[in-house]
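# Inside the fold
Next come the chains, spelled out residue by residue.
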Amino acid sequence: MAPQGGVVVAAIALPFLGAALVPLLYRLFGRVGGRLDEEGVGYVGAGVALTSFALVVSQVGEAGVVSFSWIPSLDVALRLQVDGLAVLFALLASGIGVCIFTYAARYMHGKDNLGRFFGTLLAFMGSILGVAFAADLVVLFVFWELTSVCSFVLIGYYTDDDESRYSARMAMLVTVGGGLCLLVAVAMLAIGAEAAFGARTFDLAAMLAEPEAMRAALETKGLFLPAMGLLVVAAAAKSAQVPLHFWLPRAMVAPTPVSAFLHSATMVKVGVYVLGRTRPLFVGEEWTLLVATLGLVTMAVGALLAVLATDIKELLAYSTASHLGLMVAGFGLGSHYGAEAGAFHLFNHALFKAALFLVAGIVAHEVGTRDIDELGGLWRDLPVTALITGVTALSMAGIPPFGGFYSKEILFEATWEAAAHDGGATWLFPALAVFASIFTVVYSLRFLWLFVGDRPEGTTVAHRPSPLLVAPAALLAVLVAVTSVVPDLAIDAVVNDAAAATAVHDVEIHAALPTHVTPPVAMSAVAVGGGVAAFRVVEDVRTAIGRVHAGLHAVHPEAVYDRLLSVTETASASLGPLVHNGLVRTYVSWALIASSALALAGYASATVAIPSLSTEVPVTIVLVLGVAVLAAIATTRAEAHVTGVLTLGILGFMVAIFYILASGPDLALTQLIVETLVLLIFLLVIEQMPAFYGELDRRIAARDAVVSLFVGATATVTVLVAAPSADRPLSDTARYYVDSAVPEGGGANVVNVILTDFRALDTLGESIVIAVAALSVLVLLAMRGRGEVR
Amino acid sequence: MTLAIALTVGALFTMGTFLLLRDDLVRVVWGVAIISQAANVYLIAMGGIEEGTFDLVPILAGHGHDAGGVETADPLVQALVLTAIVISFGMTAFALVLSYRAYEENGTMNVTEWAGGDQ
C-alpha cells in the first residue's frame, strides 16, 4: 500500500513546530509557576513525540515514495521514502523520544533554559525523523547537518562549563567534518546518476532501485571508490567509528537524557542508518573490506575502552561505540546475515542502551556519583532499577536468552560465513568479533555489578527515584524482555522489513535459542565463557588494557585532534594581524588583489573568449571618456585638496555627458545634480580640514601603482569579456519592461516606470538608505557638538 | 566602442585603487568616488552601448508609439545605474562626514597614524 505523504510530513514537521512553540510555552508556563513551570514543557515534548510516534506507527508495513517539488531544475525534491528501515529508525527515534522527554521533564526539573533545551531536543528528533525518511540526497544532507547542529547545542547545554563547550565543539567539528564528506559523496552520486539515467537527479530512491546501473556509471566515471570512501568516512564520523570515536565519550557531559537519546536511537545511529540505506549500491568486496573491518575494529576498541572506563556514563559511551561497530560490521558483510545483524541490532541496541543511560542518570541523581569504584550493592535501595539493569545489561552482553544475544549470534553467523567463503585473512572477522564480545560481557557485568554485592563505605542513596524517572526505563526494559522472550514479535512487525531494505538478497531473520552446536553457537559460548572468566580477574584485565592504552598515548585520536586544533588556532592567531592590522591600505590590498586574482583565475579556467570588438567608435564618446580619464589622473596627481575636488567634479560632469551620449537623459540629469551636491559638500568639508597631503615615497608609490594597474587591468578584461555584442537585442527582462511600461505602468518613460512602479519597493529601500545616510551625517556632526568626545 | 569603455573603466579603476591606498583620508574618499563612477559606466556598458540617438532614448512617447515593440537603449541598466548614482552619492557624503569626524577625534588625516604604525 502506498504511504500517505501528509502523514509522513506531519510526523517530521510536528517536532519542528513544537521546537518553535516550546520556548514560548515555557515563558507562558513561567507565569503560571509551580510544576507547570518546572516540568511542563518536557511533557509537551513527550506529547509531540508520542504524536509523531503514532503517525509513524500508522505507516508500518507501507512502502513507497512520496515527493514534493523543491528545486525542479536540479531534480531536488522533498522525497520521503517509507520502507522497513525508515520506519524502524523513525519508530525508535520517536518512541524512545517519548521515554526521553518524560524522563527529562523530571530529570531537568527546574533547571535553566528549559525552553531552549526542549526546543532543541524536539528539533533534534525532527531532524532524525527527516534523515530516516529522506529519499533525496540533498534532503538527507540537510537533515544530517541539522542533527549535528542540534547535538552541538544539546551537548553544550552547560554553556558556562569549559568542558561542556570543548566537547560540544569537538562533536561539532568531527560530525560536521563528516558531513562535508557526505556532501562530496552526494555530488559524486548525482554525477553517477546523471550518467546512469541520462538526467541529473538527487533521487536516492531511484538510485537504489537501479543499483547495477548506478554502480556501472560510477565505475565508468571512476567515482565508485571515492564516493564509497567519503560516505564511509561521513558515517564513521557520525557513528563514532575508530579513529573518529573520541567525540562520543566526550559528549556525555550533556545532561543524561541527551546522552541517552544521542547514544541510543538517534545521532550515532544516523551514520549506521545511512550505511544500511546505501548498502545495496556499494556492497561488494571493497565494501566488506572497508566497512566490516572498520566495524569490527571499532567493536573491539570500544569494548576494551569501556572495560577501562571509570565513570558509568563513560563506560556506556564506549560501549555505544562498540555496539555501533557491531552494526557497521553487520552492514559491511555482504551476506543476508549481515543485513539481518545490522538491522536487528539497531533495534536491540536502541532499547537496551536508552534504558541503561536512563539507569545511569537515576544512579547519578540518587547517589550523587558516577564513579564505578564508589558504587555497588545498589539493589537494596533501588530494586526496580536493579531489575531493569539486569534485563538490559544482560541483553547488552549478548547472554542468551536476552534480545542482544540473537542479533550478535547473527553477526557471528555472518562473520563465520564470510570467513568460510573467502578464507585467508577474513578469518580475522570472526576472531575479532569473538574477541570484542568477550570484553562486551566484561563491561556489561561491570555495569551490572553496580547493583550487586555490597555497597562501598561512604556511599549513600539520597532517596528513592521518582516513578517518573523509573517508568520510562522500565518501559524500555519490558520491551527488551518481550523481545527476549518472543523475538519474532519485533522481527515480524518491522525488523525483517528493515533488514530486507538494506539487503540485496532475500532476508528471513531467525531468532531462537540454539538447539545444537554450530560455529556461531560455539563462538557465543567462547565469548560468554571468556567474558565471565575475564570478569573474575577484571582488575588485572583493566591494568593490562590501561598499560597498552597509556603506551599508545601519542596516537590517541583525541591527542591528534588537540594538536590539530592548537595548530589551527595558532595559525589563525598569526594570520589575523597580517590581514587585519587596522590599516585601510591593507584591507584594500587584500580585498582587491584577491578578488582580481580570483576573477582572472575564473576567466582562465572557464576559458572565456573576448567577443569580437566593433571598431566604430564615435569621436564624441572618445573625447568625453578621454577627458574623464584625464580628470581622474589629475585627481590622483593633485597636490592640493581643492584641485583634487575640482578635477573630481570634471570627471563627474564628463560621466554625465557620457550618459547623454549613451541615450540616458535621466541618468545625466541625476548625475548632474549629484555631482553638484558632492562638489559642494567636498568643498565645505575640506575647508575644515588641514591640508595634509602625505609624503609620497617613491618606493611605495611604485608598489601601489603595480597593485592599481593589476586591478585596472582586471576591470578592463572584465568589461571586455562581459560586454554584449553590439547587435544583441534587449534582454527578456528589459523587453518586458519596455513592452508593458505603457499598458501596465501607464508611463512612457520606461526608466521612471521601472523605478516608481515595477520596482517601487526597491526605490523605497533606496530612499531609506539615503535617509539613513542623512541621519548618520547629522548624528556624526551634531553629537560632537554636544560634547560627545572619545 | 566596447574597447573604449573597457579602457576607460580600467583607467578609472587604476586611479581609484591608487587613491584608496593613500594615507590621506580625503584621497581615500576620492578613490571611492572614482570607483563608483567607473562601476556605473561599466553597468551601462552591459546594456550594450550604441551611439546615442534620439530614437534610442527609452521614453516611448518620444517615438510616437504608445505600445511596445520599440527598440530602445536598455532601460533596465539605466534604472540600475540611476539607483547606483543616488546610493553612491549617499555613500560619498557619509564617507566624507565620517572622515571629518574621524579627523576631529584623531587630530590627523593620516590613516597610518591612526593604526599607530608606520608604513
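The helix and strand inventory of chain A stands at 31 helices and two strands. Structurally, chain A occupies a C-alpha span of about 105 × 65 × 60 Å along its principal axes. Counting all 790 residues of chain A, 49% fall into the buried class.

So, on to the packing of helix α12 (residues 267–282) of chain A against helix α14 (residues 312–332) of chain A. Residue and element names in this part refer to chain A. For the pair α12 and α14, the least separation of the axes is 10 Å and the interaxial angle reads 5°. Taken as axis vectors, α12 and α14 run roughly parallel relative to one another. Contact with α12, carried on its side by Val268, Val272, Leu275, Gly276 and Arg279, involves Thr320, Leu324, Met327, Val328 and Phe331 of α14 and no other residues of that element. Looking at the contact of α12 with α14 residue by residue, the class counts come to seven nonpolar, two polar and one charged.

Residue and element names in this part refer to chain A. With seven bridges connecting them, strand β1 (residues 64–71) and strand β2 (residues 76–82) associate as antiparallel partners. Bridging from a neighbouring strand, Val66 pairs with Leu80 of β2. Taking the residues that link successive antiparallel strands as the turn, the β1-β2 hairpin has four residues, and the phi of Asp75 there is positive, at about 55°.

Counting residues at the interface gives 97 residues for chain A and 84 residues for chain B. Sorting the residues of the side of chain A that touches chain B by element identifies α24 (584–606), α25 (619–637), α26 (641–661), α27 (665–688), α28 (698–722), α29 (732–745), α30 (750–758) and α31 (760–785) of chain A as the ones contributing at least two each. Top contributing element to the side of chain A that touches chain B by residue count: α28(A), with 14 residues. Classifying every residue of the side of chain A that touches chain B gives 65 nonpolar, 22 polar and ten charged.

Taking 1.5 Å of rise per residue, the 24 residues of helix α13 (residues 285–308) of chain A would be expected to cover 34 Å, and the 34 Å separating its terminal C-alpha atoms lies within 8% of that figure. Most of α13(A) is tucked away: 18 of the 24 residues are buried.

Residues and elements named next belong to chain A. The N-to-C vectors of helix α17 (residues 403–422) and helix α21 (residues 519–536) enclose an angle of 120°; their axes lie 9 Å apart at closest approach. When the axis of α17 is compared with that of α21, the two are oblique. When the axes of α17 and α21 are compared, the crossing they make is right-handed. On α21, the residues that touch Glu409, Phe412, Glu413 and Trp416 of α17 are Pro519, Pro520, Met523 and Ser524. The residue makeup of the contact of α17 with α21, split by class, is five nonpolar, one polar and two charged.

This paragraph deals with helix α8 (residues 211–221) of chain A. Residue and element names in this part refer to chain A. Residues Met214, Ala217 and Leu218 constitute the buried set of α8. Down the axis of α8, the buried set is contained in an arc of 95°. They therefore lie on one face. For α8, exposure combined with an orientation more than 90 degrees from the buried face picks out Glu212 and Thr220. The positive-phi residue at the C-terminal boundary of α8 is Gly222, with phi of around 75°.

This part covers the domain arrangement of chain A. For chain A, the assigned domains are domain 1 (537–574) and domain 2 (584–730). A straight line from the C-alpha centre of domain 1 of chain A to that of domain 2 of chain A covers 58 Å.

Residues and elements named next belong to chain A. In this structure, Leu88, Ala90, Ala354, Ala355 and Val495 are the most contacted members of the largest nonpolar core, which totals 228 residues. Per element, the largest residue contribution to this core is 20 residues, and it comes from helix α15 (residues 336–367). Contacts of Ala354, omitting those with residues within four sequence positions, involve Ile96, Cys99, Ala260, Ser264, Ala265 and Leu476.

Below, the discussion takes up the pairing of β2(A). Burial runs high along β2(A): seven of the seven residues are buried. In β2(A), alternate side chains face the same way, and those of Val76(A), Leu78(A), Leu80(A) and Val82(A) on one face and Ala77(A), Arg79(A) and Gln81(A) on the other are all buried.

Criteria and cut-off values
- Residues numbered from 1 in each chain as written.
- Chains lettered and ligands numbered in written order.
- Predicted model: local features only at pLDDT ≥ 70, side-chain atom pairs only at ≥ 80, totals over all residues.
- Helix = DSSP H or I, 4+ residues; strand = E, 2+ residues; numbered from the N terminus.
- Buried ≥ 20, exposed ≤ 12 C-beta atoms within 10 Å, placed from the backbone.
- Axes fitted to C-alpha atoms, helices over the stretch in contact; angles between N-to-C directions.
- Parallel < 35°, antiparallel > 145°, perpendicular 65-115°, else oblique.
- Contact = placed C-beta atoms within 7 Å.
- Nonpolar A, V, L, I, M, F, W, Y, C, P; charged D, E, K, R; others polar.
- Pairing = 2+ DSSP bridges.
- Expected span 1.5 Å × (residues − 1).
- Left-handed = near helix turned anticlockwise from the far one by under 90°.
- Arc of directions from axis to C-beta.
- Domains from an automatic or database assignment.
- Core = buried A, V, L, I, M, F, W, Y, C linked by C-beta atoms within 7 Å.

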